[in-house]
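Next come the chains, spelled out residue by residue.
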Amino acid sequence: MFIDDMDPILDRRPSSDLYLPEEDYDSKDAPQHRKRLCLSSAEGGDRKSENGFYWTETEKWQSSDEADVEPPLLVFTPNQNPGPQILPNRCSSALQFFQLLFPKSMFQTIAGYTNSYAAKYEERKGKLWNFISQSDMKSYVALVIYMGMFRCSSLSDYWSESQHFSLSFPAKIMSYRKFLSISKVLHLSESREDEKNILKKGTAGYERLGKIQPLYQVIRESCKSYFHPFQNITIVERMVKPQAGTGLKQSLKSRSPNMGFKLFALTDCTCGYTWDFFVYEGKSCASRSEGLSYETVMALVDENMLGSGYKLFVDKFYTSPTLFTDLLDKKVLACGPVWPNRTGYPKSAKNKLLSNAPRGTMRWIRQDKLLFVEWKDSKEVQMCSSFHKAYEGDTVQRKVRRDAHRTLEEIPVPAVVLDYSKNMEAVDSSDCITEHFRAIHKPKKWYQCMFYHFLDIAVENAFIMQELVTKGNGKKPLTRKAFLQALILELTDIDSLDSAAVPLTLSSSG
């Protein structure tokens, strides 16, 4: 169920061992939906779902012609002014923005952990380890970012000595042997602490993320400290794909058949900034009681740090009447597509949207503070919201078949569908860009794989802050490509005059 983007607690399946996903979409073909309710009375009258939401058989779905009441909106009162939380003149270069999120001291710390681990590793093989410095680690990170910009078929190709097909930059920074040596022994935690933690394996004191904990906590805290989200936020899932086997590996059926680490991230819809995230460690007592989707949202949406009046956009895995109602108690609004078999979804069939309804047809029903909308596009869409009005006269262009011809027509669209699509575009774009510039080097150790993903988050967030701060100063920001080029040159301490580096305040065609 987790692989199918369903929550084992909030989504109900029929008792039969055979499960057909298409049964969830059409209540006429899914009689088992009626078995998911606990009846609180005899035939007819009020019924109560398992989570306490009442519905009546006399309730009916409304059409777009019937007026809906505008729900009262909460006043947006963030705890801090949304946007970068830094002084306007504090950062003037790509490296300074990056070091807000990946502190300079972290280079020295990782170099120390790597030297400690490598010395023992090489000693077992009867070899001596050449200790690396903070400068070496900065150069290593610069090459990792560089490899994400210029793709080669193999790692050795970056140091190719071919007369016509070679890249000169990597060899200027570091030898291939040194880069490969660091890659093999890269370590993010103290070796002695790792040994103590291994002895606790199988007990409550065992820390499954111990090998990434130092960098993991620094990146999370830095991302939250130097930026405050704008009003529209969302929670997304990300996969990190290691080659090594580990008990933390999960999969997303809709994204990739490959196994990997699942991360849940709270992201700003306006600019795509990753404000907070955590690595999923498996089932816990909390996720068994309320459901993983519910606990994930509650863990990331901290109203004490964010403030009130935020609008949360989530996908089907998270959307539930229970969650949206509890978020309202925290003064957080929410909307998103919803499974029609999710607990609390209206069960009334009166005037319900038919499966053969023409494109643009919609139905809606309001229960307490929540709005449920069904809309026919190329397929049926079900939405739930705590702050939208059912229909506000909006339209979208769609190709509709008329007399064996497809013509472009304006069809009605619910406000919740339009708003959801608009706010998720920035997040989808940010995820794609992060993957595009990700390093091609795939380590065999899981914690090294997490290092590269944390590096991606820091680089992407640094670019976003540079863009917002520079625009706020009335100047034109660097493109992503120009920003990465400037960051690489500064990490490697290459003279900006010799390398024709572009000042941060200017624009680059990229």
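Please read these numbers as outputs of a predicted model, since none were measured by experiment.

The rules behind the values
- Residues numbered from 1 in each chain as written.
- Predicted model: local features only at pLDDT ≥ 70, side-chain atom pairs only at ≥ 80, totals over all residues.
- Heavy atoms only, no water.
- pLDDT = per-residue confidence, 0-100.
- Helix = DSSP H or I, 4+ residues; strand = E, 2+ residues; numbered from the N terminus.
- Contact = heavy atoms within 4.5 Å.
- Buried < 20%, exposed > 50% of the residue type's maximum accessible area, 1.4 Å probe, protein only.
- Pairing = 2+ DSSP bridges.
- Patch = residues over 30% accessible without salt bridge, like charges linked within 9 Å, V, L, I, M, F, W, Y side chains within 5 Å.
- Areas by Shrake-Rupley, 256 points an atom, 1.4 Å probe, with all protein chains shown as cover.
- Salt bridge = Lys/Arg side-chain N within 4 Å of Asp/Glu carboxyl O.
- Lys, Arg positive; Asp, Glu negative; His and termini not counted.
- Charge placed at Lys NZ, Arg CZ, Asp CG, Glu CD.
- Expected span 1.5 Å × (residues − 1).
- Axes fitted to C-alpha atoms, helices over the stretch in contact; angles between N-to-C directions.
- Parallel < 35°, antiparallel > 145°, perpendicular 65-115°, else oblique.
- Nonpolar A, V, L, I, M, F, W, Y, C, P; charged D, E, K, R; others polar.

### What to know about the confidence of the model for the chain
Then step 1. With 77% of its residues at a pLDDT of 70 or more, the chain shows a mean pLDDT of 81.
Then step 2. Taken element by element, the chain is modelled with least confidence in helix H15 (residues 496-499), mean pLDDT 44, and with most confidence in strand E12 (residues 310-313), mean pLDDT 97.
Then step 3. Of the regions scoring below 50 in pLDDT, residues 13-47 engages in 52 contacts with residues more than four places distant in sequence or in other chains.

### Looking at the pairing of strand E15 (residues 370-376)
Then step 1. Burial analysis of E15 places seven of its seven residues in the buried class, which makes it a mostly covered element.
Then step 2. Side chains Leu370, Phe372, Glu374 and Lys376 of E15 all project onto a buried face; the interleaved residues Leu371, Val373 and Trp375 project onto the opposite face, where all are buried too.
Then step 3. With six bridges joining them, strand E14 (residues 362-367) and E15 adopt antiparallel strand pairing. The residue bridging Met362 from the neighbouring strand is Trp375, located in E15.
Then step 4. Two strands pair when backbone bridges link them, and E15 and strand E16 (residues 380-385) are joined in this way by six bridges, in the antiparallel orientation. Residue pairing for E16: Trp375 is matched across the bridge by Val381.
Then step 5. A loop of three residues connects E15 with E16, the two strands running antiparallel in sequence.

### Some remarks on a positive patch on the surface
Then step 1. Taken together, the side chains of Lys125, Lys127, Arg177, Lys184 and Lys444 present a region of like positive charge at the surface.
Then step 2. Mapping Lys127 onto the fold places it in the loop between helix H2 (104-124) and helix H3 (134-149).

### Some points on H2
What sets the pattern is the α-helix's 3.6 residues per turn: residues three or four places apart point alike.
Then step 1. Taking 1.5 Å per residue, 21 residues should reach 30 Å; H2 reaches 31 Å between its end C-alpha atoms and fits that length.
Then step 2. For H2, the full list of buried residues reads Met106, Phe107, Ile110, Ala111, Tyr113, Thr114, Asn115, Tyr117, Ala118 and Glu122.
Then step 3. At the exit of H2 stands Gly126, carrying a positive phi of roughly 75°.

### Some words on the packing of H3 against helix H13 (residues 446-472)
Then step 1. At a closest axis distance of 11 Å, the pairing of H3 and H13 adopts a crossing angle of 80°. The angle between the axes of H3 and H13 places the two elements in the roughly perpendicular class. In this structure, H3 contributes Tyr140, Val141, Val144 and Ile145 to the contact, and H13 contributes Phe451, Tyr452, Leu455 and Val459.
Then step 2. By residue class, the composition of the contact of H3 with H13 is eight nonpolar, no polar and no charged.

### Focus: the pairing of E14
Then step 1. Within E14, five of the six residues are buried, which leaves the element mostly enclosed by the surrounding structure.
Then step 2. Sheet topology note: the strand E3 (residues 62-63)/E14 ladder contains two bridges and is antiparallel. Looking across to E14, one finds that Ser63 is bridged to Arg363.
Then step 3. Taking the residues between adjacent antiparallel strands as the criterion, E14 and E15 are bridged by two residues, where Asp368 takes a positive phi near 55°.

### Notes on unusual backbone geometry
Then step 1. Notably, Asn351 is not glycine yet its phi reads approximately 60°, a positive angle.
Then step 2. With respect to the helices, strands and loops of the structure, Asn351 is situated in the loop between strand E13 (332-337) and E14.
Then step 3. Positive phi, normally seen in glycine, also occurs at Asp368, with a value near 55°.
Then step 4. Note that Asp368 resides in the loop between E14 and E15.
Then step 5. The exposure class assigned to Asp368 is exposed, which follows from its relative accessible area of 68%.

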